[in-house]
Amino acid sequence: MQTWVNMNITDIKLSNRNRIYFYIRDKGMATTKDIAYDLKLSLPTVTQNLEFLADQGLINSEQKVVKKSGGRHPIAHSYVPDVKVAIGLDVAKHHIISTIVDLSGNVVKYVHKRQDYERSDAYLRLLGQTVEEIIESVNLDPNKILGVGIAMPGLVSHEEDRVVDGRVIDNTGMTCAEISKYIPYPTKLIHDSYASGFSESWMSSDIHNSFYISLCDSVGGSVLVNDSIFMGDGLYSGEIGHVNLVPDGKLCYCGQKGCFDSYCNAEVLSSHTDGNLDLFFARLKEGDETLGKIWDVYLDHLAVAINDIRMLFGCRVILGGYVGVHVEEYLSTLQEKVSLKSPFSENAKEFLVPCKKKKSAVATGCALYFVDEFFGDMQE
Ligand SMILES: [Zn+2]
């Protein structure tokens, strides 16, 4: 049985059945001969796998019109993206984001709800309602739903499906069964930074090793090694937020002083604009000098952490989270700051990139858990 953390994207891409499926998905439509030729597979192998895919409803196989010459056109196989979908829930301090994601990883529907988190039965009921609402909003056939991925801040034991340390939003000890009490579908609880990191790697087939920094109201991260989320022996691999940045510095919510989180969480910026991060960046763009100075200090701290990550992992560093989606415009400034710290005269342009997924990375990532599981089960 594959699990989220051991899921190896490359293996899935390399199975013949998946290669055939993804080939049809990319082309939109293909014939048996095309597939066999381009993927260098035998006709019986292709035919056997196509039959399986058609039986599952994943592709349509139909013969096109009769040629004028009397000969018949070959059977064309086409892709059916929404035969199955997954739902993702991003449960955070001040919002609930829900998404419906198809088998291509496309977001079919996105709903953002401003809602403060609270540890109560009423709130859990609200999560159930949120799922029902998004299903109804697109008249989704419940039989198509693979499952509902639920992402939350806090350390999550993916084996026990339980939050083991949830101080960001008071969810310590909550189990997936408890959280999904009002959600009548298969569910899976996922650490939010792992979800967004996974969503980003899903979108980038060329990236096999990377470190994803999630700059949200708290700071997290995830490490992708050889196409798998690396969890280490504990539950906190990639927790860049609690790497010490300033000895005896600002008090962090974890109880320690000087953590990176205290200097680079999104609230460090949004607290200057009534909690509105978009407004912070709008004013920054207008040339607000005070905010300009705050942003510059923020980037200085961020550059230290990025250089540390680069030294530890030597891989691409992706900037995500609420701040990551705004960073593109200031990327060259940040890259310069990081380059200056390199002991090997490396130019950060080579490895420091903003996230591709600008919206709903967390919700999409936890929905992709079920899409991935589906493709895993589909392997020969
Ligand atoms: Zn800390």
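Scroll up a little and you will see the structure.
We now turn to the structure provided with this report.

Here is what the cut-offs are and how they apply
- Residues numbered from 1 in each chain as written.
- Predicted model: local features only at pLDDT ≥ 70, side-chain atom pairs only at ≥ 80, totals over all residues.
- Heavy atoms only, no water.
- Helix = DSSP H or I, 4+ residues; strand = E, 2+ residues; numbered from the N terminus.
- Buried < 20%, exposed > 50% of the residue type's maximum accessible area, 1.4 Å probe, protein only.
- Contact = heavy atoms within 4.5 Å.
- Areas by Shrake-Rupley, 256 points an atom, 1.4 Å probe, with all protein chains shown as cover.
- Lys, Arg positive; Asp, Glu negative; His and termini not counted.
- Charge placed at Lys NZ, Arg CZ, Asp CG, Glu CD.
- Core = buried A, V, L, I, M, F, W, Y, C linked by side-chain atoms within 4.5 Å.
- Pairing = 2+ DSSP bridges.
- Axes fitted to C-alpha atoms, helices over the stretch in contact; angles between N-to-C directions.
- Parallel < 35°, antiparallel > 145°, perpendicular 65-115°, else oblique.
- Left-handed = near helix turned anticlockwise from the far one by under 90°.
- Nonpolar A, V, L, I, M, F, W, Y, C, P; charged D, E, K, R; others polar.
- Phe/Tyr/Trp six-rings, centres within 6.5 Å; stacked < 30°, edge-to-face > 60°.
- Lys NZ or Arg CZ within 6 Å of the ring centre and 35° of its normal.
- Disulfide = S-S within 2.5 Å.

## Overview of the overall build of the protein
Scanning the protein from terminus to terminus reveals 14 helices and 15 strands. Considered along the principal axes of its C-alpha atoms, the protein spans approximately 80 × 55 × 45 Å. Residues classed as buried in the protein amount to 53% of the 380 residues present. Sequence separation of at least 24 residues holds for 63% of the intrachain contacts in the protein that already meet a minimum separation of 6. Here the protein displays about 17,500 Å² of accessible surface, and carbon together with sulfur accounts for 49% of that area. Considering the protein, the positive charge centre built from 37 side chains and the negative charge centre built from 50 side chains are found 6 Å apart.

## So, the nonpolar core
In this structure, Ile-20, Tyr-21, Ile-35, Leu-103 and Phe-375 are the most contacted members of the largest nonpolar core, which totals 40 residues. Per element, the largest residue contribution to this core is 9 residues, and it comes from helix H14 (residues 361–378). Core analysis: the next-biggest nonpolar cluster, separate from the first, contains 39 residues, Phe-260, Leu-291, Tyr-298 and Leu-299 among them.

## Re the sheet that holds strand S7 (residues 145–152)
Neighbouring strands of a sheet are bound in pairs by backbone hydrogen bonds; such pairs are parallel or else antiparallel. With mixed pairing, 5 strands are arranged side by side in an open sheet as S6-S5-S4-S7-S10. Two strands in the sheet have a free side with no partner beyond their single neighbour: strand S6 (107–114) and strand S10 (187–191). Neighbour-to-neighbour, the strand axes of this sheet turn through a mean angle of 15°, independent of strand direction. Taken together, the 7 bridges between strand S5 (residues 95–102) and S6 define a ladder with antiparallel strand orientation. For Ile-97, the partnering residue across the bridge sits in S6 and is His-112. Relative to S10, helix H7 (residues 192–203) is tilted by about 95°, and along the sheet it contacts S7 and S10.

## Some points on the packing of helix H2 (residues 16–27) against helix H3 (residues 32–39)
Following both chains from N to C, one finds H2 and H3 inclined at 115°, their axes separated by 11 Å at the closest point. When the interaxial angle is binned, H2 and H3 end up roughly perpendicular. The hand of the H2/H3 crossing is right-handed. Facing Arg-19, Ile-20, Tyr-23, Ile-24 and Lys-27 of H2, the residues of H3 in contact are Asp-34, Ile-35, Asp-38 and Leu-39. Residue classes in the contact of H2 with H3 are distributed as 5 nonpolar, no polar and 4 charged.

## Some thoughts on the packing of aromatic side chains
Overall, the coordinates contain 13 aromatic pairs when judged by the stated rule. Ring plane angle 70° and centroid distance 5.3 Å describe the contact between Phe-22 and Phe-375, whose orientation is recorded as edge-to-face. Placement of Phe-22 in helix H2 and of Phe-375 in helix H14 is noted, with a sequence separation of 353 residues between them. For the pair Phe-22 and Phe-375, one class covers both residues: buried. Seen from their ring centres, Phe-374 and Phe-375 are 5.9 Å apart, and the 55° between their planes marks the pair as tilted. For the pair shown, Phe-374 and Phe-375 are each scored as buried. Here a set of aromatic residues connected by ring pairs shows up, and it is made of Tyr-21, Phe-22, Tyr-79, Phe-374 and Phe-375. Seen from the ring of Tyr-110, Lys-359 lies directly overhead, with NZ or CZ sitting 4.3 Å from the centre.

## Overview of the environment of Leu-124
Summarising the element assignment, Leu-124 is placed in helix H5 (residues 121–137). For the pair Leu-124 and Tyr-182, spaced 58 residues apart in the sequence, the C-alpha separation amounts to 6.8 Å. Excluding its chain neighbours within four sequence positions, the residues that come into contact with Leu-124 are Met-174, Glu-178, Ile-179 and Tyr-182.

## A short note on the state of the cysteines
Inspection of the entire model under this criterion finds 0 disulfides. In this structure Cys-216 is a free cysteine whose sulfur lies 9.5 Å from that of Cys-355, the closest cysteine sulfur available. Residue Cys-216 is classed as buried on the basis of its relative accessible area of 12%.

These figures come from the coordinates and say nothing about function on their own.
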